[in-house]
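Given next are the chains, with one letter for each unit.
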Amino acid sequence: MPDDHAAGGGSGTAPADTRRNRIDTLLRHSPLQPAFRAVTAGRLAVLAYHGIDDPRSFAAQMARLARTARPVTLGRVEQALAEGRPLPPRSVLVTFDDGDRSLLTDGLPALTRHRIPAVAYVLAGLVGSDRPFWWTEAAFLAAHGGTAAGLAPGCGPDAAVRRLKRLPDAERRTRLAELRRTARTQAPRTPQLDPADLHALREAGVAVGNHTLDHPCLDRCTPDAADRQVEEAHTRLSGWLGEPPASFAYPNGNLDPRVERTLTRLGYRTAFLFDHRHDRRLPRSALRISRLRVNSHTSLHRFDTIMSGLHPAVHRLRGGR
C-alpha cells in the first residue's frame, strides 16, 4: 500500500530519487540535527518496517541502531506501561507489519547478528497460504488492464490502491473482485509465513502480534466486520502460538475507537499507530503508541533524521499525515 508501505529514501537514479537524496543529505548535516537528536534521546522511537527489500541497507540500519540507541523488547515496553516507569533514554522498538516472508529470510539474520529484538504483526488470514497482499494484487491487476467501477480508465497502480483504501471495506472487496475478472492476467502467488515460521521468529527474539486477518482499513469496516477481523485473527494466532497475542498494529495506522474497546476486552496490552512520530518513554496511551515510518531501503542519512525527529518534523510541516 503506497501510503503506509513506503518511507522513501531509496537509492534510485530517477530525478525524484536524486532530489530526495539531496534533501536527505542536507537535513542530515543541518545544524538542527544535533538539537533534534538531543530532544528525542528522551523519547521512545518505535520503527515500523514492512518487507525487507534491501537486506544490505537494512543490516546497516541495524548496525547503526546497535551503536547509537538502546533496542528494547516488546516485553520491556509492556513492563514500563504496567509499572508506570519510563523506558531508558534512547529506547527503540523495532516492528514489522504484515508478516512478509522476507522478515524471516532477509531481516532475521541482521537482527540476530546485532542482538536486536523485534515484533512482527502478522495477517492471520494469510498465514500458511500463498495469497498475495491485497494491495500488491490490486496494483498488479491495475497495471495489467484490470478495471473496476469507480476507478478511472487507465488509473495507475498506486492511484488504484489509494482509491480502494478510501472505500467502505465491502465495496473495496467488490472492486478488487472486478479487477480480478477484467485483468489480462492474475497476480503471482506469494508464499506466506506458516505457523512453524511464527515459532521460528519467536525463538529468535521476534514477538508475534495481531494485524487482523487480511488488512482492511478498520475505520472503513462495519462494527461486526471490524470485530471479526480482530477476534478471528486473535483466535487463530492463539492456537498457533499456544498463548493469546497481546499486541496489535492498526492496518494502515487507521485508528478506530470501536477496535480499541475490542482490544481492551481481549486483554491487549499495547497497540501501535503509523503516524510517523516519536512517543513518550512512558506512552500516554498503551493502545495508541506512535511509530516512525521506515523501510529497509531508507538511506542512512534519512534514517538518522527519522531517528532524530527532524524528518518527521519536516514531514508534518509539509502537510504529511
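If you're wondering where the values come from, they're calculated on a predicted model, not measured in any experiment.

Visitor: In this structure, what is going on with the side chain of S129? I would like to understand it.
Guide: Relative to the assigned elements, S129 resides in the loop between β4 (118–122) and α6 (134–143). Here the side chain of S129 touches L126 through a polar contact of 2.7 Å, landing on its backbone oxygen. Those residues in contact with S129 that sit more than four places away from it in its chain are T190, P191 and Q192.

Visitor: Sorry, what's going on with unusual backbone geometry here?
Guide: With the exception of glycine, the majority of residues adopt a negative phi angle, and the majority of peptide bonds are in the trans configuration. Not every positive phi belongs to a glycine, and D98 is a case in point at roughly 90°. Here D98 lies in strand β3 (residues 91–98). According to the relative accessible area criterion, D98 is buried, its value standing at 4%. Of note in the backbone geometry, T212 takes a positive phi value of approximately 80° without being a glycine. Relative to the elements of secondary structure, T212 occurs in the loop between β5 (206–210) and α10 (223–241). Of the residues examined, T212 reaches a relative accessible area of 0% and is grouped as buried.

Visitor: Quick question: what am I supposed to make of the packing of helix α3 (residues 55–68) against helix α12 (residues 300–308) here?
Guide: Angle between the axes and distance between the axes are the two parameters that describe a pair of packed helices. The N-to-C vectors of α3 and α12 enclose an angle of 40°; their axes lie 11 Å apart at closest approach. Considering their axes alone, α3 and α12 lie oblique with respect to each other. For the pair α3 and α12, the sense of crossing is right-handed. Taken together, the residues of α12 that come into contact with α3 (itself represented by A60, Q61, R64 and L65) are L300, F303, D304 and M307. Of the residues contributing to the contact of α3 with α12, the split by class is five nonpolar, one polar and two charged.

Visitor: What's the story with the confidence of the model for the chain in this structure? I'm lost.
Guide: In regions of low pLDDT, the predicted coordinates are not meant to be interpreted in detail. In the predicted model, the chain carries a mean pLDDT of 93, and the fraction of residues at 70 or more is 95%. Considering only residues more than four positions removed or in separate chains, one finds that residues 6–13, a stretch of pLDDT under 50, has 24 contacts.

Visitor: Could you clarify how one ought to interpret the pairing of β5 in this entry?
Guide: The side chains of a regular strand alternate between both faces of the sheet. The buried fraction of β5 is high, at four of five residues. Bridging between β4 and β5 involves five bridges; their strand directions are parallel. Bridging across to β5, A118 finds its partner in V206.

About the thresholds
Residues numbered from 1 in each chain as written. Predicted model: local features only at pLDDT ≥ 70, side-chain atom pairs only at ≥ 80, totals over all residues. Heavy atoms only, no water. Helix = DSSP H or I, 4+ residues; strand = E, 2+ residues; numbered from the N terminus. Polar contact = N/O pair within 3.5 Å; in protein donor to acceptor, adjacent residues only side chain to side chain. Contact = heavy atoms within 4.5 Å. Buried < 20%, exposed > 50% of the residue type's maximum accessible area, 1.4 Å probe, protein only. Axes fitted to C-alpha atoms, helices over the stretch in contact; angles between N-to-C directions. Parallel < 35°, antiparallel > 145°, perpendicular 65-115°, else oblique. Left-handed = near helix turned anticlockwise from the far one by under 90°. Nonpolar A, V, L, I, M, F, W, Y, C, P; charged D, E, K, R; others polar. pLDDT = per-residue confidence, 0-100. Pairing = 2+ DSSP bridges.

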